[in-house]
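Structural description and commentary
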Amino acid sequence: MISSQPSTLLPSLFEHIEEGRRLTVLHVGSALPETVDFFSRYRCKLHFVDLFGDLPGLVPGDEATEPLAQKFLESMHIPEGTRFDLCLFWDLFNFLEREAVAAMVQTLKPHLQDSTLAHGFAVHSLKTPQSGKVYGIRELQEISVRPRPAPLPGYNPRNQGQLERMLDCFSVTRSVLLPEGRLELLLRAQVKA
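All values reported here derive from a predicted model rather than from experimental measurement. (Residues numbered from 1 in each chain as written. Predicted model: local features only at pLDDT ≥ 70, side-chain atom pairs only at ≥ 80, totals over all residues. Heavy atoms only, no water.)

Here's the deal with the nonpolar core
To keep it simple, the criterion reads: Nine residue types can take part in a nonpolar core, namely buried Ala, Val, Leu, Ile, Met, Phe, Trp, Tyr and Cys, and a core is a set of them joined through side-chain atoms within 4.5 Å. Burial here depends on accessible area, computed with a 1.4 Å probe over protein chains only, as a share of the maximum for the residue type. Under 20% is buried, over 50% is exposed, and the range in between is partly exposed. Working definition: helices are DSSP H or I runs of at least four residues, strands are E runs of at least two. Numbering for both runs from the N terminus.
Phe72, Phe89 and Met104 are the most contacted members of the largest nonpolar core, which has 38 residues in total. Residue assignment for this core shows that the elements contributing at least two residues are β2 (23-28), α3 (68-76), β4 (86-90), α4 (98-108), β5 (117-123), α5 (160-166), β8 (170-177) and β9 (182-189). A total of six residues in this core trace back to one element, the largest contributor, which is α4. By size, the runner-up hydrophobic cluster in this structure holds 20 residues, among which are Leu9, Leu10, Phe121 and Leu178.

Some words on the environment of Ser171
Defined as follows: Any pair of residues with heavy atoms lying within 4.5 Å of one another is described as a contacting pair.
If you trace the backbone, Ser171 turns up in strand β8. Using a relative accessible area of 21% as the deciding quantity, one classes Ser171 as partly exposed. For Ser171 and Leu186, which are 15 residues apart along the polypeptide, the C-alpha to C-alpha distance reads 8.5 Å. Those residues in contact with Ser171 that sit more than four places away from it in its chain are Leu186, Leu187, Arg188 and Gln190.

A closer look at the sheet that holds β2
In a beta sheet, neighbouring strands are held together by backbone hydrogen bonds and run either parallel or antiparallel to one another. Here is the rule: By definition, two strands form a pair when at least two bridges between them are found by DSSP. Axes, fitted as lines to C-alpha atoms, cover a helix only where it is in contact. Angles between the N-to-C directions of the axes lie from 0 to 180 degrees.
The six strands are arranged β3-β2-β4-β5-β9-β8 in an open sheet whose pairing can be described as mixed. Each edge of the open sheet carries a strand with a single partner, namely β3 (44-49) and β8. The sheet shows a mean angle of 20 degrees between the axes of neighbouring strands, direction not considered. Sheet analysis places β8 next to β9, joined by seven bridges and oriented antiparallel. Counterpart to Arg174 in the pairing with β9 is Leu186.

Section: the packing of aromatic side chains
Definition in use: Here is the rule: rings of Phe, Tyr and Trp (six-membered ring for Trp) pair when centre to centre is within 6.5 Å. Planes less than 30 degrees apart are stacked, more than 60 are edge-to-face, and the remainder are tilted.
A complete count under the given rule lists 13 aromatic pairs for this structure. Relative to Phe95, the ring of Phe52 lies with its centre 6.3 Å away and its plane at 80 degrees, an arrangement referred to as edge-to-face. Of this pair, Phe52 sits in the loop between β3 and α3 while Phe95 sits in the loop between β4 and α4; the two residues are 43 residues apart in sequence, bridging distant segments of the chain. Take Phe52 and Phe95: they sit in the same class, and that class is buried.

So this is what it looks like as structure tokens:
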């Protein structure tokens, strides 16, 4: 069953986007119909990367067989020269080990620009249970929420401070406490020359 939750931060991703401007969007997760419909209002190129389905393979392991950064490169398939305007991470960082977050950030860095904005979820308390949800965008101030068919492996909740230390190419610009002890985050890329 599809439900929705209000978002006070999602509109901030779009407030500085000029009408008619072409967007490049990274959406981590499945291509949900309502998200595709929402972005059909914009001139944009959508990159759907369902890393949630690849989670068992995106854990630190035997780096001698295949480095973790290489696993992310293969999973994300980002075309060379792509620069993202928006990144929708949802709750991905709550399912990656520290080394996996570092590898993903390394993969993303060449595709970020100073104007890149991102959205994601963290937890307020590390005792917050897994939400078991799949997220998308229904409207500018409304996130679509679906139950996951099964819990995801490797739940490792992160609070805002932990994420800020791990995501060296992003800074948190705003956060809002949500029900059930989760945090909604708005991030801005910090591209270092």
